[in-house]
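Each chain is listed here by its residues.
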Amino acid sequence: NSPAPLPERAIYGFALFLGSWFGFILYLIWAYIPETWLFSLGLTYWPQKYWAVALPVYLLVAVGIGYILLFGINMMSTAPLNSTHTITDNYAKKQQQKKFQEEAIPALQDIPISEVNRMFFLPEK
Amino acid sequence: MAEERRFRSASGAPIALRRRQHSASCRELAVRGPRLQLRSLSAATSAVWLAAYGLFALSENSVVLSAAIFISLIGLIIYLHFIKIDQESLLVIGSLGIQVTSSYASGKESTTFIEMGRVKDVVINEAIHMQKVIYYLCILLQDPEDPQGVSEVVPLFQSSKPRLDCLIEVYKSCQEILEQRKTAPQSS
């Protein structure tokens, strides 16, 4: 799974490069060549030229709204101040209490908020 | 015995904490926010009336002016009665419970009482609130089935939002009373 260059990746890259150039030239032809010229070539069933302007505008407005939408989704999924999710979660509730061993590094576990508060805010006796 | 100290809220407004010890196991802590300022009241009223006068100049309809007066009066009454909290107080009675009172600017008081059997602890928690991380004091309620679990979190001082130095004072006062119920367990 390394990002090193491989022959297959070079081929995919070149195919994408050619494909995107082809798509761009096709879009320019659709947008700029007058309809009558296209009809005389026999290409009568292409979408209205209105969409050659409308689709990029839709896309850019969607990107702009996406910024605001992401901001709003973040605000909505933040836990409110009165929820227990600010204090604990499923993993902390289900954790096993490990025994304290002398001269060993204590096991990593979630410390209850009451104990943390006592350690931080009450003066050491 | 009462003492009052000045602190700042999370947004920088000046608040005052008043501590009163009624007895060995009963304490009252009240946080008083700034009262409604004349300059903000005049600014809001002038803004509404200027906007109404601008609309009147455009539309030549005098109903706009009366509506603006009506709206500013009703808005002021609603703000004073439902939104502007002057003082939030916490009354901790050792063996009985905790009472939380909010006094509004219009004189309305809203009270909640939590009995001591339901209270697990009073802690300072930190959480994300409106693009900021704030410290706030909250009461942890006991879960009836699980002695270690927390069933509900009741945040305190929501409208005055004191900063950590004020919260530490309130926390120490509450913990002194809550510790007494461990050393003298009563049947409940």
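Residues numbered from 1 in each chain as written. Chains lettered and ligands numbered in written order. Predicted model: local features only at pLDDT ≥ 70, side-chain atom pairs only at ≥ 80, totals over all residues. Heavy atoms only, no water.

Caption draft 1: Main features of the overall build of chain B. Tallying secondary structure elements over chain B gives three helices and nine strands in all. The C-alpha radius of gyration of chain B comes to 21 Å, more than 25% above the 16 Å expected for a compact globule of 188 residues. Considered along the principal axes of its C-alpha atoms, chain B spans approximately 75 × 40 × 30 Å. Counting over 188 residues, chain B shows a buried share of 36%. For chain B, the proportion of contacts with a sequence separation of at least 24, taken over those separated by at least 6, is 42%. (Helix = DSSP H or I, 4+ residues; strand = E, 2+ residues; numbered from the N terminus. Rg over C-alpha atoms; globule rule 2.2 N^0.38 Å. Buried < 20%, exposed > 50% of the residue type's maximum accessible area, 1.4 Å probe, protein only. Contact = heavy atoms within 4.5 Å.)

Caption draft 2: Structural detail: the side chain of threonine 86 of chain A. Here threonine 86 of chain A lies in the loop between α3 (50-77) and α4 (90-93). Polar contacts involving the side chain of threonine 86 of chain A include one to the main-chain carbonyl oxygen of serine 83 of chain A, which spans 2.9 Å. There is a polar contact of 3.1 Å between the side chain of threonine 86 of chain A and the side chain of asparagine 125 of chain B. If we ignore the near neighbours within four places in the chain, the residues touching threonine 86 of chain A are Ala79, Pro80 and Leu81 of chain A together with Asn125, Ala127 and Tyr136 of chain B. (Polar contact = N/O pair within 3.5 Å; in protein donor to acceptor, adjacent residues only side chain to side chain.)

Caption draft 3: Representation of the interface of chain B and chain A within the structure. Chain B puts 26 residues into the contact, and the matching count from chain A is 18 residues. When the two sides are added together, the surface that chain B and chain A hide from each other amounts to roughly 1,700 Å², 65% of it contributed by carbon and sulfur. Counting across the chain B and chain A interface gives zero salt bridges. At the surface where chain B touches chain A, the tally comes to five residue pairs in polar contact (both at pLDDT 80 or more). In terms of residue count, strand β7 (residues 119-129) of chain B provides more of the side of chain B that touches chain A than any other element does, eight residues in total. Of the residues that constitute the side of chain B that touches chain A, the class distribution is 14 nonpolar, six polar and six charged. (Buried area = accessible area lost by both parts, 1.4 Å probe. Salt bridge = Lys/Arg side-chain N within 4 Å of Asp/Glu carboxyl O. Nonpolar A, V, L, I, M, F, W, Y, C, P; charged D, E, K, R; others polar.)

Caption draft 4: Here's a closer look at the pairing of strand β6 (residues 109-115) of chain B. Residue and element names in this part refer to chain B. Direction of pairing for strand β5 (residues 97-104) relative to β6: antiparallel, over a ladder of seven bridges. Bridge pairing links glutamine 99 to phenylalanine 113 in β6. Between β5 and the antiparallel strand that follows it, β6, lie four residues; glycine 107 among them carries a positive phi value of about 105 degrees. (Pairing = 2+ DSSP bridges.)

Caption draft 5: Up close: unusual backbone geometry. All names here are of chain B. Within the chain, glutamate 60 stands out as a residue other than glycine whose phi angle is a positive 60 degrees. Glutamate 60 sits in the exposed class, given a relative accessible area of 62%. Backbone geometry places glutamine 131, a non-glycine residue, at a positive phi of 60 degrees. Inspection of the secondary structure puts glutamine 131 in the loop between β7 and β8 (132-142).

Caption draft 6: The domain arrangement of chain B, seen in detail. Taken domain by domain, chain B consists of domain 1 (2-32 + 87-183) and domain 2 (38-82). One C-alpha centre belongs to domain 1 of chain B, the other to domain 2 of chain B; they are set 38 Å apart. (Domains from an automatic or database assignment.)

Caption draft 7: Structural view of the UniProt feature "transmembrane region" (unreviewed entry) in chain A. Mapped onto the present numbering, the UniProt feature "transmembrane region" (unreviewed entry) falls on residues 12-33 and 53-73 of chain A. Measuring from the first to the last C-alpha atom of residues 53-73 of chain A gives 30 Å, for a span that is 100% helix and 0% strand. (UniProt positions renumbered as here; feature names shortened; annotations may be inferred.)

Caption draft 8: Layout of the UniProt feature "transmembrane region" (unreviewed entry) in chain B. Residue and element names in this part refer to chain B. When the UniProt feature table is mapped to this numbering, "transmembrane region" (unreviewed entry) covers residues 41-58 and 64-83. Within residues 41-58, the helical portion is 100% and the strand portion 0%, while the C-alpha atoms at the span's ends are 26 Å from each other. For residues 64-83, the helix share is 100%, the strand share is 0%, and the end-to-end C-alpha distance is 26 Å.

Caption draft 9: View of the UniProt feature "domain: PIG-P" (unreviewed entry) in chain A. Residues annotated by UniProt as "domain: PIG-P" (unreviewed entry) correspond here to residues 9-121 of chain A. The span residues 9-121 of chain A carries 64% helix and 0% strand; its end-to-end C-alpha distance comes to 58 Å.

Caption draft 10: Region of the structure containing the domain arrangement of chain A. All names here are of chain A. Domain annotation for chain A reports domain 1 (7-44) and domain 2 (47-81). Spacing between the C-alpha centres of domain 1 and domain 2 amounts to 27 Å. The interface of domain 1 with domain 2 comprises nine residues on the first partner and six residues on the second. When the buried surface of domain 1 facing domain 2 is broken down by residue, Tyr27, Trp30 and Glu35 rank first, second and third, together holding 84% of it. Applying the counting criterion to the domain 1 and domain 2 interface returns zero salt bridges. In this structure, the connection of domain 1 to domain 2 is made through four residue pairs in polar contact (both at pLDDT 80 or more). Elements represented by at least two residues in the side of domain 1 that touches domain 2 include exactly α1 (7-32) and α2 (35-41). Examining the composition of the side of domain 1 that touches domain 2, we find that five residues originate from one element, α1, more than from any other. Of the residues in the side of domain 1 that touches domain 2, the class split is eight nonpolar, no polar and one charged.

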